[in-house]
Amino acid sequence: YSFGHISGAHLNPAVTIALWMGGRIESKLILPYILSQIAGAIVGAGVLYIIVTGNGTAVGDFAANGYDDHSPGKYSMLAAIVTEFVMTFMFMLIILGSTYEKSPAGFAGVAIGLALTLIHLISIPVTNTSVNPARSISQALFVGDWALSQLWLFIVVPIAGAACAGFISKIFRE
């Protein structure tokens, strides 16, 4: 609701990719949007870093995404891949469906917000929930080490889930 009138409020590279694959944004917008999304996520993580470490405490895992020993529930890489793909795929279908021009106006934010809440409830124990490569990048930069070595999964898999959702939604729309 805050930024919908500016960019469609997609603050997530996966949303940008899904919209592009769904034929809803132009190719020339992809790079500027994704670079802005990543920059915004890094600034946001920087603010959180200042707060978290403000009492001298180490940053710790900083809610970075992970699998195996770095998963909150010690879930495997395969479980992380399936979780991130399915959650991103479903999230993008909800975004694309609820923002479609023939959908009831004014309710997209409710559907999207409730879906994201459910996604977090399901996937926090598995991966700390990505479904947003910009968020994953920003946290990993502050954690370093293992978070950077596992980051590929939280970029590649949500992008793949988003691309598939965009493709499927375009087929259904046509």
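Please refer to the structure higher up on the page.
What you are looking at is a predicted structure, and each value in this text was computed from that prediction instead of being measured.

Quick notes on the rules
- Residues numbered from 1 in each chain as written.
- Predicted model: local features only at pLDDT ≥ 70, side-chain atom pairs only at ≥ 80, totals over all residues.
- Heavy atoms only, no water.
- Helix = DSSP H or I, 4+ residues; strand = E, 2+ residues; numbered from the N terminus.
- Rg over C-alpha atoms; globule rule 2.2 N^0.38 Å.
- Buried < 20%, exposed > 50% of the residue type's maximum accessible area, 1.4 Å probe, protein only.
- Contact = heavy atoms within 4.5 Å.
- Axes fitted to C-alpha atoms, helices over the stretch in contact; angles between N-to-C directions.
- Parallel < 35°, antiparallel > 145°, perpendicular 65-115°, else oblique.
- Salt bridge = Lys/Arg side-chain N within 4 Å of Asp/Glu carboxyl O.
- Core = buried A, V, L, I, M, F, W, Y, C linked by side-chain atoms within 4.5 Å.

Novice: Honestly, the overall build of the protein in this entry has me stumped. Any pointers?
Specialist: What the protein contains, in helices and strands, is 7 helices and 0 strands. The secondary structure elements of the protein, listed N-terminal to C-terminal, are α-α-α-α-α-α-α. Over its C-alpha atoms the protein spans a radius of gyration of 16 Å, differing by no more than 12% from the 16 Å that the globule rule assigns to 174 residues. The burial tally for the protein puts 41% of its 174 residues in the buried class. In the protein, the share of contacts with a sequence separation of at least 24, taken over all contacts with a separation of at least 6, comes to 73%.

Novice: Which parts of the structure should I look at to understand the packing of helix 6 (residues 133–143) against helix 7 (residues 145–173)?
Specialist: The axes of two packed helices give the description: the angle between them and the distance between them. Direction vectors running N to C along helix 6 and helix 7 enclose 175°, while the axes themselves pass 8 Å from each other. On the basis of their axis angle, the class for helix 6 and helix 7 is roughly antiparallel. For the pair helix 6 and helix 7, contact is made by Pro-133, Ser-136, Ile-137, Ala-140, Leu-141 and Val-143 and by Asp-145, Trp-146, Ala-147, Leu-148, Leu-151, Phe-154, Ile-155, Pro-158 and Ile-159, respectively.

Novice: Before we go on, may I ask you to explain the pattern of salt bridges in this structure?
Specialist: Any two side chains of opposite charge can pair, so long as their charged atoms come close to each other. The full count for this structure, using the stated rule, is 1 salt bridge. The salt bridge partner of Lys-28 is Glu-26, with a shortest N-O separation of 3.6 Å. The class for Lys-28 is exposed, based on a relative accessible area of 61%. Relative accessible area serves as the criterion here: at 47%, Glu-26 is assigned to the partly exposed category.

Novice: Honestly, helix 6 in this entry has me stumped. Any pointers?
Specialist: Because each turn of an α-helix spans 3.6 residues, side chains separated by three or four positions in sequence point in the same direction. For helix 6, the buried fraction is high: 8 of the 11 residues fall into the buried class. Of all the positions in helix 6, only Pro-133, Ala-134, Ser-136, Ile-137, Ser-138, Gln-139, Ala-140 and Val-143 are classed as buried. Those residues of helix 6 that are buried are in contact with helix 2 (13–21), helix 3 (30–52) and helix 7. Just downstream of helix 6, Gly-144 is the residue with a positive phi angle, here 70°.

Novice: Is there a simple way to explain the nonpolar core in this structure?
Specialist: Within the largest apolar cluster, 33 residues are counted, with the highest numbers of intra-cluster contacts made by Ile-17, Phe-91, Met-92, Val-143, Ala-147 and Ala-162. Those elements that place two or more of their residues in this core are helix 2, helix 3, helix 4 (77–98), helix 5 (108–127), helix 6 and helix 7. Setting aside anything within four residues of it in sequence, one finds Phe-91 in contact with Ile-112, Ala-115, Leu-116, Ile-119 and Val-131.

Honestly, that's just the spatial picture; any functional story needs more than this.
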